[in-house]
Protein chains: 6
Amino acid sequence: MSDLTHFDDQGRAAMVDVGAKPETERVAIARGRILMASATLARIQEGQIGKGDVLGVARLAGIMAAKRTSDLIPLCHPLMLSKVTVDLSIAPPDAVNIEALVKLTGRTGVEMEALTAVTVAALTIYDMCKAIDRGMRIEDVRLVHKSGGKSGTYEAE
Amino acid sequence: MSDLTHFDDQGRAAMVDVGAKPETERVAIARGRILMASATLARIQEGQIGKGDVLGVARLAGIMAAKRTSDLIPLCHPLMLSKVTVDLSIAPPDAVNIEALVKLTGRTGVEMEALTAVTVAALTIYDMCKAIDRGMRIEDVRLVHKSGGKSGTYEAE
Amino acid sequence: MSDLTHFDDQGRAAMVDVGAKPETERVAIARGRILMASATLARIQEGQIGKGDVLGVARLAGIMAAKRTSDLIPLCHPLMLSKVTVDLSIAPPDAVNIEALVKLTGRTGVEMEALTAVTVAALTIYDMCKAIDRGMRIEDVRLVHKSGGKSGTYEAE
Amino acid sequence: MSDLTHFDDQGRAAMVDVGAKPETERVAIARGRILMASATLARIQEGQIGKGDVLGVARLAGIMAAKRTSDLIPLCHPLMLSKVTVDLSIAPPDAVNIEALVKLTGRTGVEMEALTAVTVAALTIYDMCKAIDRGMRIEDVRLVHKSGGKSGTYEAE
Amino acid sequence: MSDLTHFDDQGRAAMVDVGAKPETERVAIARGRILMASATLARIQEGQIGKGDVLGVARLAGIMAAKRTSDLIPLCHPLMLSKVTVDLSIAPPDAVNIEALVKLTGRTGVEMEALTAVTVAALTIYDMCKAIDRGMRIEDVRLVHKSGGKSGTYEAE
Amino acid sequence: MSDLTHFDDQGRAAMVDVGAKPETERVAIARGRILMASATLARIQEGQIGKGDVLGVARLAGIMAAKRTSDLIPLCHPLMLSKVTVDLSIAPPDAVNIEALVKLTGRTGVEMEALTAVTVAALTIYDMCKAIDRGMRIEDVRLVHKSGGKSGTYEAE
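Residues numbered from 1 in each chain as written. Chains lettered and ligands numbered in written order. Predicted model: local features only at pLDDT ≥ 70, side-chain atom pairs only at ≥ 80, totals over all residues. Heavy atoms only, no water.

Chain A is annotated in an unreviewed UniProt entry as Cyclic pyranopterin monophosphate synthase of Paracraurococcus ruber. Among the UniProt annotations of chain A, the heading Subunit (unreviewed entry) holds the following wording: "Homohexamer; trimer of dimers." The UniProt entry for chain A carries the following comment under Pathway (unreviewed entry): "Cofactor biosynthesis; molybdopterin biosynthesis." (UniProt positions renumbered as here; feature names shortened; annotations may be inferred.)

Novice: Teacher, can you tell me more about the overall build of chain A here?
Specialist: A tally of helices and strands in chain A yields four helices and five strands. Each helix and strand of chain A, placed in order from N terminus to C terminus, yields the pattern β-α-α-α-β-β-α-β-β. By principal-axis analysis of the C-alpha atoms, chain A measures approximately 50 × 30 × 30 Å. Split into buried and exposed, the 157 residues of chain A put 66% on the buried side. Partitioning the intrachain contacts of chain A with sequence separation of at least 6 by distance along the chain shows that 70% fall at a separation of at least 24. Working note: accessible area of chain A is about 5300 Å², and carbon and sulfur atoms make up 48% of it. (Helix = DSSP H or I, 4+ residues; strand = E, 2+ residues; numbered from the N terminus. Buried < 20%, exposed > 50% of the residue type's maximum accessible area, 1.4 Å probe, protein only. Contact = heavy atoms within 4.5 Å. Areas by Shrake-Rupley, 256 points an atom, 1.4 Å probe, with all protein chains shown as cover.)

Novice: Which parts of the structure should I look at to understand the arrangement of the chains?
Specialist: Separated without contact, chain A and chain D have their nearest C-alpha atoms at a distance of 9 Å. Separating chain C from chain E is a minimum C-alpha gap of 9 Å, and the two share no contact.

Novice: Explain the packing of helix 2 (residues 54–67) of chain D against helix 4 (residues 111–129) of chain D here, please?
Specialist: For any two helices packed against each other, the geometry comes down to the angle between their axes and how far apart the axes lie. Residue and element names in this part refer to chain D. Two elements in contact, helix 2 and helix 4, have axes separated by 7 Å at closest approach and are oriented at 145°. As for how helix 2 packs across helix 4, the hand of that crossing is right-handed. Listed contacts from helix 4 to Val 54, Leu 55, Val 57, Ala 58, Ala 61, Gly 62, Ala 65 and Ala 66 of helix 2 are Glu 113, Thr 116, Ala 117, Val 120, Ala 121, Thr 124, Ile 125, Met 128 and Cys 129. Of the residues belonging to the contact of helix 2 with helix 4, the class tally is 13 nonpolar, three polar and one charged. (Axes fitted to C-alpha atoms, helices over the stretch in contact; angles between N-to-C directions. Left-handed = near helix turned anticlockwise from the far one by under 90°. Nonpolar A, V, L, I, M, F, W, Y, C, P; charged D, E, K, R; others polar.)

Novice: How should I be thinking about the relation of the copies chain B and chain A in this particular structure?
Specialist: Comparison of the two chain copies shows a relationship of rotation about an axis with a shift along it. For the pair chain B and chain A, the best superposition has an RMSD of 0.0 Å and corresponds to a rotation of 180° with a translation of 0.0 Å parallel to the axis. These values place the two chain copies in the arrangement generated by a two-fold rotation axis. Using C-alpha coordinates, one finds that chain B approaches the rotation axis most closely at B:Glu139, a distance of 2.3 Å. Counting the interface residues of chain B, we find that 100% of their copies in chain A are interface residues as well, pointing to one common contact surface. (Least-squares fit on C-alpha atoms with pLDDT ≥ 70 in both.)

Novice: Honestly, the interface of chain C and chain D in this entry has me stumped. Any pointers?
Specialist: Size of an interface, as often reported, equals the accessible area lost when the parts are brought together. Contacts between the two partners involve 54 residues from chain C, matched on the other side by 55 residues from chain D. On the chain C side of the interface with chain D, the three residues burying the most area are C:Leu4, C:Leu123 and C:Arg134, jointly 14% of the side's total. At the boundary of chain C and chain D, one finds six salt bridges. Put simply, D:Arg134 and C:Glu111 hold a salt bridge, and the shortest N to O gap is 3.7 Å. Seen at the junction of chain C and chain D, the total is 10 residue pairs in polar contact (both at pLDDT 80 or more). Taken together, the elements giving at least two residues each to the side of chain C that touches chain D come down to helix 2 (54–67), helix 3 (69–72), helix 4 (111–129) and strand 4 (137–147) of chain C. Here the side of chain C that touches chain D gets 12 residues from one element, more than from any other, and that element is helix 4 of chain C. (Buried area = accessible area lost by both parts, 1.4 Å probe. Salt bridge = Lys/Arg side-chain N within 4 Å of Asp/Glu carboxyl O. Polar contact = N/O pair within 3.5 Å; in protein donor to acceptor, adjacent residues only side chain to side chain.)

Novice: Even after reading the chapter, I still don't get the interface of chain B and chain A, so can you show me in this structure?
Specialist: At the junction of the two partners, chain B supplies 55 residues and chain A supplies 55 residues. Between chain B and chain A, the buried area comes to about 4700 Å², and carbon and sulfur atoms account for 65% of it. On the surface where chain B and chain A come into contact, there are six salt bridges. Run the count over chain B and chain A and you get 10 residue pairs in polar contact (both at pLDDT 80 or more). The residue makeup of the side of chain B that touches chain A, split by class, is 27 nonpolar, 12 polar and 16 charged. Relative to strand 4 (residues 137–147) of chain B, strand 4 (residues 137–147) of chain A is paired through two bridges, and the arrangement is antiparallel. Looking across to strand 4 of chain B, one finds that A:Val141 is bridged to B:Ile138. (Pairing = 2+ DSSP bridges.)

Novice: Honestly, the UniProt feature "active site" (unreviewed entry) in chain A in this entry has me stumped. Any pointers?
Specialist: Mapped onto the present numbering, the UniProt feature "active site" (unreviewed entry) falls on A:Asp127. Take A:Asp127: it is sitting in helix 4 (residues 111–129). Residue classification places A:Asp127 among the buried positions, given a relative accessible area of 2%. If we skip the residues at most four places from it in the chain, A:Asp127 touches B:His6, B:Ile73, B:Leu75, B:Cys76 and B:Met112.

Novice: Would you mind going over helix 2 (residues 54–67) of chain A with me for this structure?
Specialist: Because each turn of an α-helix spans 3.6 residues, side chains separated by three or four positions in sequence point in the same direction. With 14 residues, helix 2 of chain A extends 21 Å from end C-alpha to end C-alpha; this agrees with the ideal 20 Å at 1.5 Å per step. With 14 of 14 residues buried, helix 2 of chain A lies mostly within the body of the structure. (Expected span 1.5 Å × (residues − 1).)

Novice: Would you take a moment to explain the environment of C:Met80 for this structure?
Specialist: Residue placement: C:Met80 occurs in the loop between helix 3 and strand 2 (83–91). Separated by 37 residues in the primary sequence, C:Met80 and C:Ala117 place their C-alpha atoms 15 Å from one another. Apart from residues lying up to four places away in sequence, C:Met80 is in contact with A:Pro78, A:Leu79, A:Met80, C:Leu104 and F:Met80.

Novice: Would you take a moment to explain the relation of the copies chain C and chain D for this structure?
Specialist: Between chain C and chain D, which share one sequence, the superposing operator has a rotation angle of 180° and an axial displacement of 0.0 Å; the RMSD is 0.0 Å. Of all interface residues in chain C, 100% are interface residues in chain D too; the two copies therefore contact each other through one and the same surface.

Novice: Before we go on, may I ask you to explain the nonpolar core in this structure?
Specialist: Taken as a class, soluble globular proteins show a tendency for nonpolar side chains to be buried jointly. In this structure, A:Ile125, B:Ile125, C:Ile125, D:Ile125, E:Ile125 and F:Ile125 are the most contacted members of the largest nonpolar core, which totals 312 residues. Excluding residues that lie within four positions of it along the chain, D:Ile125 makes contacts with D:Ile34, D:Met36, D:Ile44, D:Val54, D:Leu55, D:Ala58, D:Leu88, D:Val96, D:Ile98 and D:Met136. (Core = buried A, V, L, I, M, F, W, Y, C linked by side-chain atoms within 4.5 Å.)

Novice: How do you make sense of the UniProt feature "binding site: substrate" (unreviewed entry) in chain A when you look at a structure like this?
Specialist: Mapped onto this structure's residue numbering, the UniProt feature "binding site: substrate" (unreviewed entry) falls at A:Leu75, A:Cys76, A:His77, A:Met112 and A:Glu113. Sequence-wise these annotated residues cover 39 residues; spatially they are packed, their C-alpha atoms never more than 12.6 Å apart. Of note, A:Leu75 is situated in the loop between helix 3 (69–72) and strand 2 (83–91). The buried category is assigned to A:Leu75, whose relative accessible area is 1%. In this structure A:Leu75 touches A:His6, A:Ala13, A:Ala14, A:Met15, B:Asp127, B:Met128, C:Leu60, C:Ile63 and C:Lys67, once residues within four positions along its chain are discounted. Note on A:Cys76: relative accessible area 6%, which makes it buried. Apart from residues lying up to four places away in sequence, A:Cys76 is in contact with A:Met15, A:Thr69, A:Ser70, A:Met112, B:Asp127 and C:Lys67.

Novice: Would you take a moment to explain the pairing of strand 2 of chain C for this structure?
Specialist: Two faces belong to every sheet, and in a regular strand the side chains alternate between them. All names here are of chain C. Across nine bridges, the pairing between strand 2 and strand 3 (residues 95–106) is antiparallel. Looking across to strand 3, one finds that Ile 90 is bridged to Val 96. Taken together, strand 2 and the strand that follows it, strand 3, pair antiparallel across an intervening segment of three residues.

Novice: Would you take a moment to explain helix 4 (residues 111–129) of chain B for this structure?
Specialist: Given a rise of 1.5 Å per residue, 19 residues ought to cover 27 Å, and the 28 Å separating the end C-alpha atoms of helix 4 of chain B matches this to within 8%. Among the 19 residues of helix 4 of chain B, 19 are classified as buried, and the element is accordingly described as predominantly covered.

Novice: Teacher, can you tell me more about the environment of E:Ser38 here?
Specialist: By the element assignment, E:Ser38 lies in helix 1 (residues 38–48). Each C-alpha atom of the pair E:Ser38 and E:Asp94 lies 4.8 Å from the other, and the pair is 56 residues apart in sequence.

Novice: Hey, could you run me through the environment of B:Leu35 in this one?
Specialist: All names here are of chain B. Looking at the secondary structure, you find Leu 35 in strand 1 (residues 24–35). Separated by 32 residues in the primary sequence, Leu 35 and Lys 67 have C-alpha atoms spaced 26 Å apart. Setting aside chain neighbours within four positions, we find Leu 35 in contact with Asp 94, Ala 95, Met 136, Arg 137 and Glu 139.

Novice: Can you help me understand the pairing of strand 4 (residues 137–147) of chain E in this one?
Specialist: Residue and element names in this part refer to chain E. Of all the 11 residues making up strand 4, nine are buried; the element is thus mostly covered by neighbouring parts of the structure. Of the pairings in the sheet, the one linking strand 1 (residues 24–35) to strand 4 comprises eight bridges and is antiparallel in character. From the neighbouring strand, Ala 28 faces strand 4, where its bridge partner is Lys 146. Taking the residues between adjacent antiparallel strands as the criterion, strand 4 and strand 5 (residues 154–155) are bridged by six residues, where Gly 148 takes a positive phi near 95°.

Written out as structure tokens, the structure reads:
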């Protein structure tokens, strides 16, 4: 039976052994979005043309957070990521869509790094816009693609 | 017109001055949930009775992340939080609900700390269960209560 | 003559060159214990059956600290650990025994990571129990096993 | 009955509320020692006169670690320490004694910061001398003094 | 005789006691610049109009670094900064000028935070432009203003 | 045309893909200096003979900062450095010269790590001497050597 790999047979948490896994190229893509009032979205859109680049700040925060993943998620392995991109796009009338791609040549997957980049980018948008919109919501954060490693390729349908 | 406080009048990002604000007791409560297969939820529930405490690990990760918020969110002020709790509850058939409460006696609000605690707790659940369920999704992360400070009390309806 | 490798011939501290060392599998095991009043130990033991899991929190703190070792110990190399486990056991009448195992496929040993995991787990127990017992003491923290690397296998007698 | 303050009545870990506590001057002193071969101690002593200052490096590591305590110990509050000193002294034939003093004007005690400074200073000595002595042991790390706060002054007998 | 406050009378480094100092508003302004080929400067200037905002990234890096100062500078106190701004301006034909302003209501000055913000902003410019210009140089990083605290106001002439 | 590699073709910042680069030995050497009053330099020089080792503290701060580079510089890759040395030398009548050497067997260069080590060592000297000399200035921080990787060897003329 498949089971939670982060616990041993007595239910104790552990950082599991990945030493025997081969080094392969691993890619993960995660997505999410943040919903907001349409006036807030309009304000972010203005920034795109030069007055307060909310999405630029969020992109950077997401990239930097991907590098901190193993500090935040207790049982994640420290990894030397080889690539991180975070893409944010205005989705009228009321959302910003976020997609993060993370790559590694290594022994373990990078799903958590991609998911962390998406959520921290979303949190940063919340932070920058909260003075005008407290009701924003982060939605639908999930893994959409994973490749490399023995479990093969995963694509969210 | 109300505007994005994290940018100056030329659109440049800044960590805004809170020095003139009075020290008051500030509270923020955020909520979110993570959706999963019901078999995954059942597996988490078993842990509650002694074999791999997913929610205990996620709770701790959320509390520790609240303390790291100003490292993650570029324009957040460093704060000396006076209280952090993270509450996770099984919501059959397919969800774990997460609520974080953060308190501070200080000059700025703690919404971001509460939202960060919720999202990192959710990410930790994803990490611990991803071996059996890659399709989990983080949903509906939002602020539900905020008090203290000159903007008064906010309650999400 | 054998000497302190972290200093050059003029006595200046340095992070020494490990680039020429081969990548081998390296393992280190460290142990220690924390002594306390027997009433404190009884209280921890209750947690094992569901009311405040002191050892679960300490285990997680130890694992996370192993990952932070190169941030704490000035001349330690940053490493991509492949496995970390921390085992805590009740040793009546007055002690908790702690053992940490760390693995790496890399160019330098992981003794410091194992020793750091043990001490931070012990400090976390102190923190969680200090309201009822200020007299706890951390004792006998040492390396018990080390393998991999050109210095061969070390076993504490 | 006195109990573990870091858990709520259902046994869930939390960072407890210190917001209602008054700001007072708080002091904590912790001590510990590291035992080693007398040849190792002799080698450290040479450094005191200019060739590889092991104790100077350990002192700095201890001071810096005190500032990181809330990152390491899961339920510790972040604190703005007002003073940290770490004192290391050669104790022939086979030990280095370590004492750390930490001060804060704030709402919670600084025992954990003092204990963390002592243990990280000891770990740093281990790191710097491990090439010549793998059998070193950290011993007798404990709180010796605590003042400030409503629990009054504590002196280890 | 005035002396180095970070050492005790036996020359041992310490984080000095600021607990007795009053909380006052403290401001520090630091400046520096990075010199480069004029073609590099032209390339940065293009980014200002939408294609790769080097200065925006550097500004954010400087602000975030100010918050990390006590992690980087061994004897700096951890501080809850109330304001950080970093201003970067194109200075033809071959320089970017950087100015950081940091504010705190607290017990110790914020010079180091302002100087750290300037240098990390400069390093970030180097990083982003190094593919086209390895010869860039960071110059003239210094404190230009300091106020608050018992030593009074300092203005660089 | 050669261009800024940290931005994509739409000008968005990214951590670029180094996964396809071969692992080679890479070395970078950076230099800089800090100017000060000659009385300040004299005071530092005294420390060399036992009363407050400013340069020893700065050396350690520089080494530790090299390890934190990817935390500070937004688009830097996390790296497992194999060697870091920081060399500080008194340059009468008014300067301390700083040189950092960093080595890595990996897929990307270590210029930023060497430059970060130099600047943080300089900032630490500023911190330790600021009580007696506020007018110190950091000057001439630049890359002097880089080897390994496909761009070949760079030597500043």
